[in-house]
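What the coordinates show
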Amino acid sequence: MAKLVLDLHDIYNKGDQIDRALRDVIDEAIAKRIDTVEIIPGKGSGQLKKKVLRFLDQKDVKALYHRVDKDSKNFGRLFVHFKHKKRR
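Everything numeric here is computed off the predicted structure, so don't read it as measured data.

Moving on to the environment of Ser 72. Along the chain, Ser 72 turns up in the loop between β3 (67-70) and β4 (78-81). Classification of Ser 72 as exposed rests on a relative accessible area of 74%. A sequence separation of 47 residues divides Ser 72 from Val 25, and the C-alpha atoms of the two residues are 22 Å apart.

Considering all chains together, one arrives at zero aromatic pairs under this definition. When the ring centre of Phe 75 is taken as reference, the NZ or CZ atom of Lys 49 above it lies at 3.9 Å.

This part covers the environment of Lys 59. Mapped onto the secondary structure, Lys 59 falls in helix α3 (residues 59-62). Of the residues examined, Lys 59 reaches a relative accessible area of 75% and is grouped as exposed. Between the C-alpha atoms of Lys 59 and Ser 45, which are 14 residues apart in sequence, the distance is 26 Å.

To continue, consider the sheet that holds β3. Taken in spatial order, the four strands of this open sheet run β1-β2-β4-β3, and their pairing is mixed. Each edge of the open sheet is held by one strand with a lone partner, namely β1 (3-7) and β3. When strand polarity is set aside, the average angle formed by the axes of neighbouring strands in this sheet is 20 degrees. Direction of pairing for β3 relative to β4: antiparallel, over a ladder of four bridges. Within β4, the position partnered with Asp 69 by the bridge is Phe 79.

Calculation rules
Residues numbered from 1 in each chain as written. Predicted model: local features only at pLDDT ≥ 70, side-chain atom pairs only at ≥ 80, totals over all residues. Heavy atoms only, no water. Helix = DSSP H or I, 4+ residues; strand = E, 2+ residues; numbered from the N terminus. Buried < 20%, exposed > 50% of the residue type's maximum accessible area, 1.4 Å probe, protein only. Phe/Tyr/Trp six-rings, centres within 6.5 Å; stacked < 30°, edge-to-face > 60°. Lys NZ or Arg CZ within 6 Å of the ring centre and 35° of its normal. Pairing = 2+ DSSP bridges. Axes fitted to C-alpha atoms, helices over the stretch in contact; angles between N-to-C directions.

Any functional reading would require information beyond the geometric quantities listed.
Okay, here's the thing in structure tokens:
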């Protein structure tokens, strides 16, 4: 099972770069038919994780993936799962 990882530690305070990085990793997962994207907002105050969840909850973005799981063992990590349609 292939997976992409996006670590947001370096751009935690740059809102426009965060949105672009999230969009890029989702687009890459779809283009490469990747099953899971691991997003690491880090633990911190939780504000970055909330921003990521708000981004993922946008109607146009939500239509692109199957579900989001929060890591039960690591507060600073999210998994975005994709279901790709079978190619003919």
